[in-house]
Amino acid sequence: EHRRVVSAALRRPPRHGRGPLLLYVLDVMELPDPVLSQLPALLSPDVPVAGVLVVGNKVDLLPADCRGHLGRLRQRVAAACALAGLQGAALVDVRLVSAKTGYGMEGLVSRLQRSWKCAGDVYLLGATNSGKSTLFNTLLRSDYCKSRAPDIIDRATVSPWPGTTLNLLKFPVINPTCDRIFRRQERLKEESTKSEDQLSIEEKKYLNQLKKQGYLVGRVGRTFQQQKSSTEIDFDPDMLSYSMDEDPRDHPEKPEEREEFTHNEVKDARWCFDTPGIVKEDCVLNLLTEKEVKLVLPSHAIIPRTFILKPGMVLFLAALGRIDYLEGEKPAWFSVLASNLLPVHVTTLSNADTVYEKHAAQEFLKVPMGGEERMKEFPPLMPQDITLKGIGTTEAVADIKLSSAGWVAVTAHAEEELLLRAYTPKGTALLVRKPPLLPYISTIRGARIPGTPAYRTKKPPSFVENLRTTGS
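Residues numbered from 1 in each chain as written. Predicted model: local features only at pLDDT ≥ 70, side-chain atom pairs only at ≥ 80, totals over all residues. Heavy atoms only, no water.

Chemist: Give a description of the overall build of the protein chain that names residues and reports values.
Modeler: Secondary structure assignment for the protein chain yields eleven helices and 18 strands. Of all 472 residues assigned to the protein chain, the portion counted as buried reaches 53%. The long-range share in the protein chain, meaning contacts at least 24 apart out of those at least 6 apart in sequence, stands at 79%. (Helix = DSSP H or I, 4+ residues; strand = E, 2+ residues; numbered from the N terminus. Buried < 20%, exposed > 50% of the residue type's maximum accessible area, 1.4 Å probe, protein only. Contact = heavy atoms within 4.5 Å.)

Chemist: Any chance you could break down the nonpolar core for me, citing the residues and the numbers?
Modeler: Leu320, Phe334, Ile400 and Leu420 are the most contacted members of the largest nonpolar core, which has 52 residues in total. Considering every element that reaches this core, the biggest residue donor is strand E9 (residues 313–317), with five residues. Residue contacts for Leu420: discarding those within four places in its chain leaves Asp324, Tyr325, Leu326, Phe334, Gln384, Asp385, Ile386, Leu388, Ile400 and Val410. Counting residues in hydrophobic clusters, the runner-up holds 44 residues, among them Tyr24, Val54, Leu96 and Leu216. (Core = buried A, V, L, I, M, F, W, Y, C linked by side-chain atoms within 4.5 Å.)

Chemist: So what about the confidence of the model for the protein chain? Which residues, and what values?
Modeler: With 83% of its residues at a pLDDT of 70 or more, the protein chain shows a mean pLDDT of 86. Scored below 50 in pLDDT, residues 161–166 shows 14 contacts in the model against residues more than four places distant or in partner chains. Ignoring residues within four places in sequence, the model shows residues 227–250, a span with pLDDT below 50, making 31 contacts including any to other chains. (pLDDT = per-residue confidence, 0-100.)

Chemist: I'd like a description of the sheet that holds strand E12 (residues 344–348), backed by residues and values.
Modeler: Taken in spatial order, the five strands of this open sheet run E12-E9-E10-E16-E13, and their pairing is antiparallel. Of all the strands in the sheet, just E12 and strand E13 (381–389) have a single pairing partner and so form its edges. The mean angle between the axes of side-by-side strands here comes to 20°, regardless of whether they run parallel or antiparallel. For strand E10 (residues 321–327) and strand E16 (residues 417–425), the ladder comprises five bridges, and the chain directions are antiparallel. The residue of E16 that forms the bridge with Glu327 is Leu419. Where helix H10 (residues 349–359) meets the sheet, its contacts fall on E9, E10, E12 and E13, and the angle it forms with E12 comes to roughly 130°. (Pairing = 2+ DSSP bridges. Axes fitted to C-alpha atoms, helices over the stretch in contact; angles between N-to-C directions.)

Chemist: Could you give an account of the sheet that holds strand E3 (residues 91–96), with specific residues and numbers?
Modeler: Sheet architecture is open: six strands sit in the order E3-E2-E1-E4-E7-E5, paired in mixed fashion. For this open sheet the edge positions go to E3 and strand E5 (170–173), each flanked by a neighbour on one side alone. Across this sheet, the average inter-strand angle for adjacent strands is 20°, counted without regard to direction. The pairing of strand E4 (residues 122–126) with strand E7 (residues 270–274) spans three bridges and is parallel. Paired with Val122 across the bridge in E7 is Cys272. Contacting strand E1 (21–27), strand E2 (51–57) and E3, helix H3 (residues 69–83) crosses the sheet at an angle of about 145° to E3. Here helix H4 (residues 105–116) sits on the sheet in contact with E1, E2, E3 and E4, set at roughly 165° to E3.

Chemist: An account of the pattern of salt bridges is needed here, citing residue identities and associated values.
Modeler: Under the defined criterion, the tally for this structure stands at 27 salt bridges. Of the charged contacts, one joins Asp93 and Arg95 as a salt bridge, the two residues approaching to 3.5 Å between their closest N and O atoms. Close ionic contact of Glu106 with Arg187 constitutes a salt bridge, the shortest N to O distance being 3.0 Å. With Glu106 in helix H4 and Arg187 in helix H6 (residues 178–192), this pair connects stretches of sequence that are 81 residues apart. With respect to class, Glu106 is no different from Arg187; both count as buried. Bridged by salt links that share partners, the residues Glu106, Asp143, Arg184, Arg187, Glu191 and Arg222 form one connected network. (Salt bridge = Lys/Arg side-chain N within 4 Å of Asp/Glu carboxyl O.)

Chemist: So, H3: which residues are in play, and what are the values?
Modeler: End to end, H3 covers 21 Å across 15 residues, agreeing with the expected 21 Å (1.5 Å per residue, within 8%). Within H3, burial applies to His69, Arg72, Leu73, Val77, Ala80 and Cys81. Elements that come into contact with the buried residues of H3 comprise E1, E2 and E3. Backbone geometry just downstream of H3 places Gly85 in the positive-phi region, at approximately 95°. (Expected span 1.5 Å × (residues − 1).)

Chemist: Please provide a residue-by-residue account of the packing of aromatic side chains, values included.
Modeler: Geometrically, a pair of aromatic rings is defined through the distance of the ring centres and the angle of the planes. Overall, the coordinates contain five aromatic pairs when judged by the stated rule. Geometrically, the ring pair formed by Tyr325 and Phe334 is tilted, given 6.0 Å between the ring centres and 50° between the ring planes. The exposure class of Tyr325 is buried, given its relative accessible area of 0%. Ring-pair connections join several aromatic residues into one group, and the members of that group are Phe136, Tyr144 and Phe171. Across the ring face of Trp271, the terminal group of Lys170 is positioned such that the distance to the ring centre comes to 4.2 Å. For the cation-ring pair, Arg445 lies above Tyr455, with the distance from its terminal atom to the ring centre recorded as 4.3 Å. (Phe/Tyr/Trp six-rings, centres within 6.5 Å; stacked < 30°, edge-to-face > 60°. Lys NZ or Arg CZ within 6 Å of the ring centre and 35° of its normal.)

The following block contains the structure:
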């Protein structure tokens, strides 16, 4: 269904003498992205696509494991694009953003206006749960969209459930004239000189809320908008997306007359379209209920959890993944990067099967949930043997990616050989990612908890990109 809808849209004759730009939204935590390789099939010779701009989303969820980690993440995204056959003229650019917290969004808008201008239509593509609809809503409330459009256009529904963008929502792209670009740059320059102390109480409160949810935060404003009679904050999170805990329904207190565009406003407009999310194959999320998916998908900044394991020990990530440390001379460090709501439990190899049989679908392992009846329909865990050789006590050698449930970064002594056995539910992808996404993640930890294999967790501070810092 997705291919039919998107292919039909892309095969429309160019309305302005130029094919559309594809804005592909990629979840950086899902690298290597399982859907990216499908893009060339959409870009067949009879589809006059002008190029692809790849947006690495959800960078706000990942802690900085060392200086320059964003540059490394961007390189990984670019390498994934090259591997999928996207390079050269076909790849317009690679940008890192957080559609939820606004990080990198003003830069993305500037990039689109500078290079693409108003040359043709733009289509947002991406896998389910990549944050594509949140990006659409954020662009709708930014300088990329005509100033009156947010009062007229319906927002994309943000939901963890696949296929919730049921039709091609769209908004008209503003024409970035020289005067508009100049006024926008002046606004950005002025806002970047402000410190947090100079913000309104409402904006401070909102930024603090975002800093609790993500490590990287950005302020997204509007340069061109109708004047309001009362002072209102430009960037309202409730206007950008729905809470994961709320039903995506409008609750109007009274019926209002709906505004409409005039013919002259849209007769030559270029449009930004949202499209249905592409469902990932071999993904553990396909096996879960909506309630379980909400627990598995991280909605707040991931706090790394590190454990030191000896041979003969086992680590469980909920009941969705398991890693056995079978053979090795020395202890090794296992750093879990997954939703903070998913429990991690360490036990011995001799007790592991009993723990799983007793606690799967119970509160102890949390996901899946529903007891014995749920486990009757849930596929069994399937093993895969993995051999790794350590490169040092501060640098992980690889990530063991347990489908879309999260991953475990393994750090071991230099030249130390480890034999591991990792499990994920049958029919889901288990991947050894080399090099690891955050190689120095094991260094972000507190003191060892006495009598346990666990270290105390440590959450790095958040950063607001377009705000002048004060103090030391």
